[in-house]
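Chain by chain, the residues run as shown.
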Amino acid sequence: MVGEASKGEAALSARVTARAAILEKIEGAVGNNSVVRDAEYAAIPREYRLAGLAIKEDILRLLADRLHDYDAGVYRCGTHEIEQTVASAMAARNKSSLLRPSDLPLDWLPPGYSFPAVDGLPYDEIDRGEGVITGCVAAIAFTGTIILRHSVGDGRRALTLIPDYHLCIVLADQVVETVPEGFARLKGMETMPITTVSGPSATADIEMNRVKGVHGPRFLDVVLVG
Amino acid sequence: MSVRVGEAAGAPTFPVAAKHLMRNDQLRRNVRNATGIIRNKRARVVGEMADWQQLRDAGHAIKEHTLRHLGDYLVRFEENCTRAGGAVHWARDADEANAIAIGIIQAKNEKEVIKVKTMTTDEIGMNKALEAAGITPYETDLADLIVQLGEDKPSHIVVPALHRNKMEIRELFMRTMGLAELGTRPEDIAEAARVYLREKFLRVPIAISGANFAVAETGSICVVESEGNGRMCVSLPRVLISVVGIEKIIPKFEDLEVFLQLLSRSATGERMNPYNSIWTGVAAGDGPEEFHVILLDNGRTKVLADSVSRETLDCIRCGACLNACPVYRQTGGHAYGSIYAGPIGAILTPQLQSMEHSQTLPYASSLCGACYEVCPVKINIPEILIHLRNKLVESGDVPAGERLGMKAAAWVLSDAANLSTARALGKLAQMPFTNNGTIHHLPGMMAGWTATRDMPAIPPESFRQWWARRQREKRP
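Here the structure is a predicted model, which is why all the values come from computation and not from measurement.

Asker: Where do I start with the overall build of chain B in this structure?
Answerer: What chain B contains, in helices and strands, is 22 helices and 13 strands. Looking at the 476 residues of chain B, the share that counts as buried comes to 58%. Looking at chain B as shown, the accessible area adds up to about 19300 Å², and 55% of this sits on carbon and sulfur atoms. For chain B, the distance from the average site of its 56 positive side-chain charges to the average site of its 54 negative ones is 9 Å.

Right, dumping it as structure tokens:
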């Protein structure tokens, strides 16, 4: 017991020593400039593009185009056609059942298919699912990126990761054009787990050929609503 | 306190390694082909950005600002990460960092870990340390898996197995995974990796990651990747350990909007890489229950102390300078004797570890400036290369031959009479080696100069002689 305690103390003191030594070396190298820090940060030039196009339809078309480039499937529909569009996307992929987070809007789900709610399901059972259907929190047209913050409607991280197929519902209001606009949509949610998804999983490690799908979902479809 | 960069301290010098590797035609073909493809993709997606230069300026300014206030931002990161349920450790060098990680794993009585591509753990030789402690690390990035199964060394920052072609990889997988059959398409090889690793993702309870960015304001870590192995590692296991170089800190969450745009286009030529994971401490009901960050110095504070070469630490590890470099494109990454290859490696490796181990690296460049032009955070690599060469000269670590040559040159060029004498002697001395006004092979110590190039012979008449003759002849 004595040995354990002194081992713990030794580890603690090593930690304190290492921390102090590193911080001291940094101060020795660059000095202490704390007084001017915030003013200097505010003066960083940010001349890059923050906002994007004014016309929503142009932004939606850009998003669809970029998603196509990544080999994702894209379906466009009106606000009252989500149900039947989900049905046709599933039929095209030959899916009869998709896992879903329990708080996904039920009126998105067509009859005749099954959508088990799986909030706490063990990984190996998620692995046996045919795929998953979720919403998202925002989408960036310029880069074809969908943002999940793993809260209401987009499920915990494992859910959109383990299955081989992800069907994502993106509402027109959630779509912005630029990357800065996309990150601005995360205001107040910065400390939630966040995943950005740009197309299906891919690798270029074999002779720089882009191969769709390694560990994440190999197939991504997006229903773009509005 | 010993600073190591992988096994770079024991590696042969650049000219020795490069000469050997240049004879490997297959390797050179693979490297040339792969770097050519990424260069073209990068050029295309950078070309469509109207604000690329403004993003570079912002990226550079944020990094320089952070380094000036690094202590403040590290402490702020520690506070916020801890508040969110993370444990923050500090490590002065490789041994301390490895010991902390091993301590965490042993406290859980675990014998296996899954790893997502991290240069930083390669830098500190973590896999070897884990194995010595009886822990098996599984690399999960496809290229890292190829390197690990082949008992090979990474040769590129972003695509570590770029020196291997498809058929080599296929043969390696069949042998090491015990597969009787495997298709020849890249898809078949990727599928084999998917099957091989899936079982490990779902079973192994501890993961080790690096970080592309660590946000001081929120205590968040960001990992950038393509395959989904990163998402698997950071969100499935019960325990996650992230090894983070202290220069990976950025001040605020919104700064990610700059770096994520710069990184994906520069690294793989994509508008955005398939996945970015950003997480803060632990989240109830989602992902690891226990999260550790190891903040690593390992020579970085020493780099910070040199105000000229400090900006080496701006690097976001995109690899664009490797693909652009005419030297790297010929030799590949292994010649640099370090996991950090190419132009960035030529300035980072000699600064991180003591110069005596890598003093040829600052010379592994023609100073053409292509690296500076493509660098997304505007690191002036040519200037730093010259700065490091200067430091080497001042420290007296210059080869004796070069020092002698420079002394002789100083004497010859300091006086017109000396120059004229040297010319006359040179004209006599070159006679046996000259053919049609060209020298193909110089003898002795000077043979190195003509080993790969011809040299014009000293002409029969010098400019001064010609001028004097002209003046004489003009006179009536």
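Once the structure has been displayed, the description carries forward.
Asker: Please explain the layout of surface pockets as it appears in this structure.
Answerer: Where empty space is left can be seen by rolling a probe of water-molecule size over the atoms. Roughly 2000 Å³ of volume is contained in the largest pocket. Within the residue set of the lining of the largest pocket, elements represented by two or more residues are helix H1 (14-21), helix H15 (328-331), helix H19 (400-413), helix H20 (416-429), helix H21 (447-450) and strand S13 (455-456) of chain B.

Asker: Help me out: how do you make sense of the domain arrangement of chain B in this one?
Answerer: By a frequent convention, interface size equals the accessible area lost on bringing the separate parts together. Each domain of chain B was delimited in the assignment, giving domain 1 (27-32 + 49-301) and domain 2 (400-474). Each of domain 1 of chain B and domain 2 of chain B has a C-alpha centre, and the two are 55 Å apart.

Asker: What should I look at first to understand the domain arrangement of chain A in this one?
Answerer: When cut into domains, chain A gives domain 1 (2-42) and domain 2 (56-225). On a C-alpha basis, the centres of domain 1 of chain A and domain 2 of chain A stand 42 Å from each other.

Asker: Sorry, what's going on with the sheet that holds strand S1 (residues 86-91) of chain B here?
Answerer: Working definition: the strands of a sheet are paired by backbone hydrogen bonds and lie parallel or antiparallel to each other. Residue and element names in this part refer to chain B. Spatially, the six strands line up as an open sheet ordered S1-S10-S7-S4-S2-S3, and their pairing is parallel. Here the strands that pair on one side only, and so sit at the sheet edges, are S1 and strand S3 (136-139). Taking each pair of neighbouring strands and ignoring which way they run, the sheet shows an average axis angle of 25 degrees. One ladder, built from six bridges, connects S1 with strand S10 (residues 290-296); its direction is parallel. Paired with Val88 across the strands is Val293, a residue of S10. Relative to the sheet, helix H4 (residues 70-83) contacts S1 and S10, its axis offset from that of S1 by approximately 150 degrees.

Asker: Quick question: what am I supposed to make of the sheet that holds S13 of chain B here?
Answerer: All names here are of chain B. A sheet is described by the order of its strands in space; here three strands give the open sequence S11-S12-S13, paired in antiparallel fashion. Two strands lie at the open edges of the sheet, namely strand S11 (434-435) and S13, each paired on one side alone. Pairing between strand S12 (residues 438-439) and S13: two bridges, direction antiparallel. Counted as the bridge partner of Thr438 is Pro456 from S13.

Asker: Looking at this structure, how should I read empty space enclosed by the protein?
Answerer: Residue and element names in this part refer to chain B. Evaluation of the coordinates by the stated rule reveals seven cavities of 30 Å³ or more. A volume near 90 Å³ is recorded for the largest cavity. Taken together, 14 residues make up the lining of the largest cavity; nearest its centre are Cys315, Cys318, Cys321, Cys375 and Pro376.

Asker: Sorry, what's going on with the interface of chain A and chain B here?
Answerer: Each partner contributes residues to the interface: chain A has 73 residues there, and chain B has 91 residues. Around 7300 Å² of area is buried between chain A and chain B when both sides are counted, 59% of it from carbon and sulfur atoms. Where chain A meets chain B, there are ten salt bridges. A salt bridge links Arg68 of chain B to Glu40 of chain A, with the shortest nitrogen-to-oxygen separation between them at 2.6 Å. The interface formed by chain A and chain B holds 35 residue pairs in polar contact (both at pLDDT 80 or more) in total. At the level of elements, helix H1 (2-30), helix H2 (34-42), helix H3 (56-69), helix H5 (123-127), helix H6 (179-184), strand S7 (194-197) and strand S8 (202-203) of chain A are the ones that each hand at least two residues to the side of chain A that touches chain B. Ranked by residues supplied to the side of chain A that touches chain B, first place goes to H1 of chain A with twelve residues. As paired elements, S7 of chain A and strand S9 (residues 275-280) of chain B share four bridges and run antiparallel to each other. Among the inter-strand pairings, Val197 of chain A is bridged to a residue of S9 of chain B, identified as Tyr275 of chain B.

Asker: Can you help me understand the side chain of Thr134 of chain A in this one?
Answerer: Residue and element names in this part refer to chain A. Position of Thr134 relative to the elements: it lies in strand S2 (residues 132-134). In terms of polar contacts, Thr134 uses its side chain to reach the side chain of His166, at 2.9 Å. Those residues in contact with Thr134 that sit more than four places away from it in its chain are Pro101, Leu104, Leu148, Gly153, Asp154, Thr160, His166, Leu167, Cys168 and Ile169.

Asker: Got a minute to help me understand the pattern of salt bridges in this structure?
Answerer: What the rule picks out here adds up to 35 salt bridges over all chains. Put simply, Arg92 of chain B and Glu96 of chain B hold a salt bridge, and the shortest N to O gap is 2.7 Å. The exposure class of Arg92 of chain B is partly exposed, given its relative accessible area of 22%. By sharing partners, the salt bridges in this structure join Asp69 of chain A together with Glu48, Arg265 and Arg271 of chain B into a single network.

Asker: For this particular structure, what's the right way to read the nonpolar core?
Answerer: Side chains of nonpolar character tend, in soluble globular proteins, to be buried together. Residue and element names in this part refer to chain B. With 172 residues, the main nonpolar core has Phe77, Phe173, Phe213, Ile221 and Leu256 as its most contacted residues. A total of seven residues in this core trace back to one element, the largest contributor, which is helix H12 (residues 256-267). Discounting chain neighbours no more than four positions away, the residues touching Phe173 are Leu142, Leu145, Ile146, Leu149, Gly178, Leu179, Leu182, Ile189, Ala192 and Ala193. Membership of the second largest hydrophobic core comes to 20 residues, among which are Ala97, Ile124, Ile135 and Ile206.

Asker: Please explain the state of the cysteines as it appears in this structure.
Answerer: Residue and element names in this part refer to chain B. Throughout the structure, instances matching the rule amount to zero disulfides over all chains. Here Cys81 is not disulfide-linked; the sulfur of Cys222 is the nearest cysteine sulfur, at 14 Å. Judged by relative accessible area, which is 0%, Cys81 ranks as buried. Take Cys368: it sits in no disulfide, and the sulfur closest to it among the cysteines is that of Cys371, at 6.3 Å.

Asker: Would you mind going over the confidence of the model for chain B with me for this structure?
Answerer: Caution applies to low-pLDDT regions: their predicted coordinates should not be interpreted in detail. In the predicted model, chain B carries a mean pLDDT of 93, and 97% of its residues have values of at least 70. Both confidence scores are given for the complex: pTM 0.91, ipTM 0.95.

Asker: So what exactly am I meant to see when it comes to the packing of helix H8 (residues 142-149) of chain B against helix H9 (residues 166-176) of chain B here?
Answerer: Axes are the key here: two packed helices are described by the angle between their axes and the distance separating the axes. All names here are of chain B. Running from N to C, H8 and H9 point in directions that differ by 65 degrees, and their axes come no closer than 10 Å. For the crossing formed where H8 meets H9, the hand is left-handed. The segment H8 lies against H9, with Leu142, Leu145, Ile146 and Leu149 engaging Ile169, Leu172, Phe173 and Thr176. Classifying every residue of the contact of H8 with H9 gives seven nonpolar, one polar and no charged.

Asker: Explanation requested: H4 of chain B in the structure shown.
Answerer: Since the α-helix packs 3.6 residues into each turn, any two residues three or four apart lie on the same face. Residue and element names in this part refer to chain B. A rise of 1.5 Å per residue sets the reference length of H4, with its 14 residues, at 20 Å; its end C-alpha atoms lie 20 Å apart and thus fit the reference within 8%. Every buried residue of H4 is accounted for by Leu70, Gly71, Tyr73, Leu74, Phe77, Glu78, Asn80 and Cys81. Phi for Gly85, located one or two positions after H4, is positive at around 100 degrees.

Asker: Sorry, what's going on with the packing of H19 of chain B against H20 of chain B here?
Answerer: Residues and elements named next belong to chain B. Taken N-terminus to C-terminus, the directions of H19 and H20 make an angle of 115 degrees; their axes are 6 Å apart at the nearest point. Side by side, H19 and H20 meet where Trp411, Val412 and Leu413 of the first sit next to Asn418, Leu419 and Ala422 of the second. Considering only residue class, the contact of H19 with H20 consists of five nonpolar, one polar and no charged.

So, how was this worked out
Residues numbered from 1 in each chain as written. Chains lettered and ligands numbered in written order. Predicted model: local features only at pLDDT ≥ 70, side-chain atom pairs only at ≥ 80, totals over all residues. Heavy atoms only, no water. Helix = DSSP H or I, 4+ residues; strand = E, 2+ residues; numbered from the N terminus. Buried < 20%, exposed > 50% of the residue type's maximum accessible area, 1.4 Å probe, protein only. Areas by Shrake-Rupley, 256 points an atom, 1.4 Å probe, with all protein chains shown as cover. Lys, Arg positive; Asp, Glu negative; His and termini not counted. Charge placed at Lys NZ, Arg CZ, Asp CG, Glu CD. 1 Å grid on protein atoms, 1.4 Å probe; cavity = no way out; pocket = protein on both sides within 12 Å on 5 of 7 lines; lining within 4 Å. Points joined across faces, edges and corners; volume = space filled by probe spheres on them. Domains from an automatic or database assignment. Pairing = 2+ DSSP bridges. Axes fitted to C-alpha atoms, helices over the stretch in contact; angles between N-to-C directions. Contact = heavy atoms within 4.5 Å. Buried area = accessible area lost by both parts, 1.4 Å probe. Salt bridge = Lys/Arg side-chain N within 4 Å of Asp/Glu carboxyl O. Polar contact = N/O pair within 3.5 Å; in protein donor to acceptor, adjacent residues only side chain to side chain. Core = buried A, V, L, I, M, F, W, Y, C linked by side-chain atoms within 4.5 Å. Disulfide = S-S within 2.5 Å. pLDDT = per-residue confidence, 0-100. Left-handed = near helix turned anticlockwise from the far one by under 90°. Nonpolar A, V, L, I, M, F, W, Y, C, P; charged D, E, K, R; others polar. Expected span 1.5 Å × (residues − 1).

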